[in-house]
Amino acid sequence: MSNYHIKHLEEYYQVYRKSVREPENFWEEVAEEHFLWRKKWDKVLSWDFSKPEIKWFEGAKLNITENCIDRHLATRGDKTAILFEPNNPEESAEHITYKQLYERVNKMANVLKDQGIKKGDRVCIYVPMIPELAIAVLACARIGAIHSVVFAGFSSTALSTRINDSDCKMVITADGSFRGNKTIDLKGIVDEALESCSGIESVLVVKRIDSDINMKEGRDTWLQPLLDKASTECPAEIMDAEDPLFILYTSGSTGQPKGMVHTTAGYMVYTAYSFKNAFQYRENDVYWCTADIGWITGHSYIIYGPLANGATSVLFEGVPHYPDFGRFWDIIDKHQVNQFYTAPTAIRALAKQGSELVDKYDLSSIKVLGSVGEPINEEAWHWYNDIVGKNKSPIIDTWWQTETGAIMITPIPFVTPTKPTYATLPFIGVQPALINDAGEELKGNQVEGKLCIKFPWPSMARTIWRNHKRYKETYFSTYKDMYFTGDGALRDEVGYYRITGRVDDVIIVSGHNLGTAPIEDAVNEHPAVAESAIVGFPHEIKGTALYGYVTLKETGEGRIHDNVRKEINQLITDRIGPIAKLDKIQFTQGLPKTRSGKIMRRILRKIAEKDTSNLGDTSTLLNPECVQNIIDEAL
Ligand code: WTA
């Protein structure tokens, strides 16, 4: 039996049982056999969910880049580590071997050091999906700097909030980015953001679109000339197991985004182990995850998980619809991709185009299809399974979160029989629990409740950057001694899990987590707006889209409303990014409120979903009369 590579269902159950009964022995064996340590741990695990404090492999010393790069040089030096597919299909793909990656990461690491970046400093990376993004991430890890990647589709306000929250010293960016037939002025966004970031000492700029940009004297430097002069050798900083590796922001149901902190050893062990098994990656397979590195999926399953296994990982700069909706299939055909990992929103958008575009390409290389980011609906599941996978490539519906660091519930392909819309079984070492409204754990099958995890797993986030209190309140205070995910789930008659969706005010639009509070704040900035409430409603492609209820200070005419609508969405674009724009805006005279003044979102959600048959008890409302008006005027 191999603990590291599970190949059939019986083995899954055996390994799973071991991981639950003897978690320390189990993870110690995995860690010992498959990674490179400068020093082994003194203790495998110590934990206390009431504080909460979680430590894995305490006392161990390592550098994750030695595991992701150096140790492959002897056997895989000439193997492609990163396969870069540019936005423009006419531009040739770039194969970066492990040896070249080693040299490029070291050069970048030396540049960072020359610029004064030291172990523990925070570096903000705001770079499009080009090799320099992965290289910058790894260069930070090489020297022990904490990377904070911000998705390069976020606005300048969102960027500056994140830079300031974690006191970044440096920003790495690009002159611009390509997105289909458009270019985006990234450097302009950075310049705007930095007007309110006094802690930034330097900005390194990658040349990508070759546009004429403004370089601020004494602050901004082109990266390439510095790289040209840098040495290809940079000794790896030796890190403690629990030293932070990165911060990644995710939306909460209230307030500012949360800077989730992931540490080094546990994150490495679990992402590597889950990558190997969840994708059944074999040597020489070509693996492609379409996520952006700005999200956790890209961190764990474009960079760290694949590279820790010596895999070939495709990095795609472009979008699914450029030059046409066949681009994904073209890339799979061209690079003979074996494992393909994408989001339900992309699957729905592509399914809408029909199967002709898929059938134009040879997809016979595909072995495994992955889905992540939101529940996959039945129709999309079948299209993916039948049309893309030709009924022979299992779909792994992987449930996990920024906070969990890696995949938590998933079928193991060719091992776990799949079931449409079910994430199926907990991954090795994961102990899920479903909790009812009374806070009790629901035992047995055919139950539905709030999804919690009752035992630590190695890749869990350890805290929220400089806000441990919020970490405790958000994840460990709802239910005693449990990590609360914020999701609802059910367990069917055979013990398979199906994720039913968020149970808090986080809304997942096209797979992106959005908190309602910052969007409402942006809307309320409009001078004509008195108040607003945002809820989700079902959307054919996005899964869920945003519906805003807005009360104005003075009611105007329809024409004015249209302008206000545009202006509201512009404010959202400026403050957060275009992903948070409202699909529907309904102006209303009032919002339903409880006697304590809290907006009753439950009612607004139902109206947005066009499900007004049973609104529940509205008698406790302060202003029940407004409900009928909202229903009558609903969009
Ligand atoms: C949702 C993305 C159903 C869920 C890795 C979770 C899913 C949130 C699935 C985390 C799935 C993710 N089925 N829902 N397979 N995967 N989610 O932090 O609500 O961007 O809590 O991490 O996405 O989103 P995040």
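Residues numbered from 1 in each chain as written. Predicted model: local features only at pLDDT ≥ 70, side-chain atom pairs only at ≥ 80, totals over all residues. Heavy atoms only, no water.

**So, the pattern of salt bridges**
A side chain of one charge can pair with a side chain of the opposite charge when the charged atoms of the two come close. Applicable threshold: In what follows, salt bridge is the name for a side-chain nitrogen of Lys or Arg lying within 4 Å of a carboxyl oxygen of Asp or Glu. Secondary structure elements follow DSSP: runs of H or I no shorter than four residues count as helices, runs of E no shorter than two count as strands, and numbering proceeds from the N terminus.
On inspection of all chains with the given rule, the structure shows 45 salt bridges. Across the pair Lys 18 and Glu 29 runs a salt bridge, and its minimum N-O distance is 3.0 Å. Of this pair, Lys 18 sits in helix α1 (residues 9-21) while Glu 29 sits in helix α2 (residues 23-34), and the two are 11 residues apart along the sequence. Here Arg 104 and Glu 132 are joined by a salt bridge, their closest N and O atoms 3.7 Å apart. Within this pair, whereas Arg 104 is found in helix α5 (residues 98-114), its partner Glu 132 is found in helix α6 (residues 131-143), the two being separated by 28 residues in sequence.

**Some words on the domain arrangement of the protein chain**
Quick note on the threshold: For every domain, the bounds stem from an assignment made automatically or drawn from a database. Any two residues whose heavy atoms approach within 4.5 Å are treated as being in contact. In short, buried area is how much 1.4 Å probe accessible area vanishes from two parts on joining, totalled over both. Whenever two N or O atoms come within 3.5 Å, that pair is a polar contact, provided that in protein one can donate a hydrogen and the other can accept it, and provided that, for residues adjacent in sequence, both atoms are side-chain atoms. When residue character is reported, Ala, Val, Leu, Ile, Met, Phe, Trp, Tyr, Cys and Pro are called nonpolar, Asp, Glu, Lys and Arg charged, and the others, Gly included, polar.
Domain boundaries in the protein chain define domain 1 (65-238 + 248-430) and domain 2 (506-633). The distance between the C-alpha centroids of domain 1 and domain 2 comes to 33 Å. Taken together, the contact between domain 1 and domain 2 spans 19 residues of the former and 22 residues of the latter. Between domain 1 and domain 2 lies a buried interface of about 1,500 Å² when both sides are counted; carbon and sulfur atoms form 53% of it. In terms of surface lost to domain 2, no three residues of domain 1 exceed Ser 251, Thr 345 and Arg 348, which account for 25% of the buried area on that side. Connecting domain 1 to domain 2 are 0 salt bridges. Across the domain 1-domain 2 interface, the total number found is 10 residue pairs in polar contact (both at pLDDT 80 or more). Only α7 (156-165) and α13 (344-351) provide two or more residues apiece to the side of domain 1 that touches domain 2. Of the residues contributing to the side of domain 1 that touches domain 2, the split by class is 4 nonpolar, 12 polar and 3 charged.

**Details of the pairing of strand β8 (residues 170-174)**
For the record, the criterion: Categorising residues by exposure relies on relative accessible area from a 1.4 Å probe, with only protein chains included: less than 20% of the type maximum marks a residue as buried, more than 50% marks it as exposed, and the intermediate range marks it as partly exposed. Strands were regarded as paired on the criterion that DSSP finds at least two bridges between them.
Most of β8 is tucked away: 5 of the 5 residues are buried. Along β8, one buried face is formed by Met 170, Ile 172 and Ala 174 and the opposite face, lined by Val 171 and Thr 173, is buried too. Bridge count between strand β6 (residues 122-126) and β8: 4 bridges; the pairing is parallel. Paired with Ile 125 across the strands is Ile 172, a residue of β8. Of the pairings in the sheet, the one linking β8 to strand β11 (residues 202-206) comprises 5 bridges and is parallel in character. Note that in β11 the partner of Ala 174 across the bridge is Val 206.

**A look at the nonpolar core**
Here is the rule: To qualify as a nonpolar core, a set must consist of buried Ala, Val, Leu, Ile, Met, Phe, Trp, Tyr and Cys residues joined through side-chain atoms within 4.5 Å.
Membership of the largest hydrophobic core comes to 169 residues, with the highest contact counts inside it found for Trp 37, Phe 57, Leu 101, Ile 125, Tyr 273, Tyr 304 and Ile 568. Counting residues per element, this core draws most heavily on α6, which supplies 10 residues. Counting residues domain by domain, this core receives three or more from each of domain 1 (65-238 + 248-430) and domain 2 (506-633). For Ile 125, the contacting residues outside a window of four places in its chain are Leu 133, Ala 136, Val 137, Cys 140, His 147, Ser 148, Val 149, Val 150 and Ile 172.

**Examining unusual backbone geometry**
Note that the residue after Lys 51, namely Pro 52, is joined by a cis bond; omega there is -15°. Relative to the assigned elements, Pro 52 resides in the loop between β1 (43-48) and β2 (53-58). Here the residue pair Tyr 322 and Pro 323 is connected by a cis peptide bond, since its omega of -5° sits within 30 degrees of zero. For Pro 323, the location among the structural elements is in the loop between β17 (312-316) and α12 (327-335). The backbone of Gln 280 sits at a positive phi, close to 45°, despite the residue not being glycine.

**Some words on the site of the ligand**
As a reminder, the rule being used: A molecule or strand has a residue near it when one of that residue's heavy atoms lies within 4 Å. Where accessible areas are quoted, they stem from the Shrake-Rupley method and a 1.4 Å probe; at the residue level, only the protein chains shown are allowed to cover.
The local shell around the ligand holds 17 residues, among which Asp 397, Thr 398, Thr 402, Asp 487 and Arg 502 are the closest. In this structure, a nitrogen atom belonging to the ligand sits 3.1 Å away from a main-chain N or O atom of Gly 373. One nitrogen or oxygen atom from the side chain of Asp 487 is found 2.5 Å from an oxygen atom belonging to the ligand. Contact with the protein chains removes 96% of the 530 Å² of surface that the ligand exposes when unbound. Elements that contribute at least two residues to the shell around the ligand include exactly α11 (296-308), β20 (395-398) and β25 (497-502). Classifying every residue of the shell around the ligand by side-chain character gives 7 nonpolar, 6 polar and 4 charged.

**Overview of the packing of aromatic side chains**
Spelled out, the test is: Two aromatic rings from Phe, Tyr or Trp, using only the six-membered ring of Trp, form a pair when their centres are within 6.5 Å; if the ring planes differ by under 30 degrees the pair is stacked, by over 60 it is edge-to-face, and anything between is tilted. Any Lys NZ or Arg CZ that is within 6 Å of a ring centre and within 35 degrees of that ring's normal is treated as a charge sitting over the ring.
For the structure on display, the rule yields 46 aromatic pairs. Ring plane angle 70° and centroid distance 5.1 Å describe the contact between Tyr 12 and Tyr 13, whose orientation is recorded as edge-to-face. Overall, Tyr 13 belongs to the partly exposed group, its relative accessible area being 35%. Here a set of aromatic residues connected by ring pairs shows up, and it is made of Trp 47, Phe 49, Phe 455, Trp 457, Tyr 471, Tyr 475, Phe 476 and Tyr 483. Directly above the ring of Tyr 422 sits Lys 419, whose terminal nitrogen or CZ lies 4.1 Å from the centroid.

**Some words on the sheet that holds β25**
How we decide: Only the stretch in contact is used when a helix axis is fitted, and all axes are lines through C-alpha atoms; the angle between N-to-C directions ranges over 0 to 180 degrees.
Ordered by their spatial adjacency, 4 strands build an open sheet running β21-β22-β24-β25, and the pairing between neighbours is antiparallel. Strand pairing shows two members of the sheet lacking a second neighbour, β21 (432-435) and β25, which therefore form its edges. Each strand axis lies, on average, 45° off the axis of its neighbour in the sheet, ignoring direction. Taken together, the 4 bridges between β21 and strand β22 (residues 447-453) define a ladder with antiparallel strand orientation. Residue pairing for β22: Pro 432 is matched across the bridge by Ile 453.

**Section: the sheet that holds strand β29 (residues 543-552)**
With mixed pairing, 3 strands are arranged side by side in an open sheet as β28-β29-β30. This sheet does not close on itself; its edge strands, each paired only once, are β28 (529-539) and β30 (584-587). Each neighbouring strand pair of the sheet contributes to a mean axis angle of 25°, computed without reference to strand direction. Sheet strands in contact with helix α17 (residues 516-524) are β28 and β29, and its direction is about 135° off that of β28.

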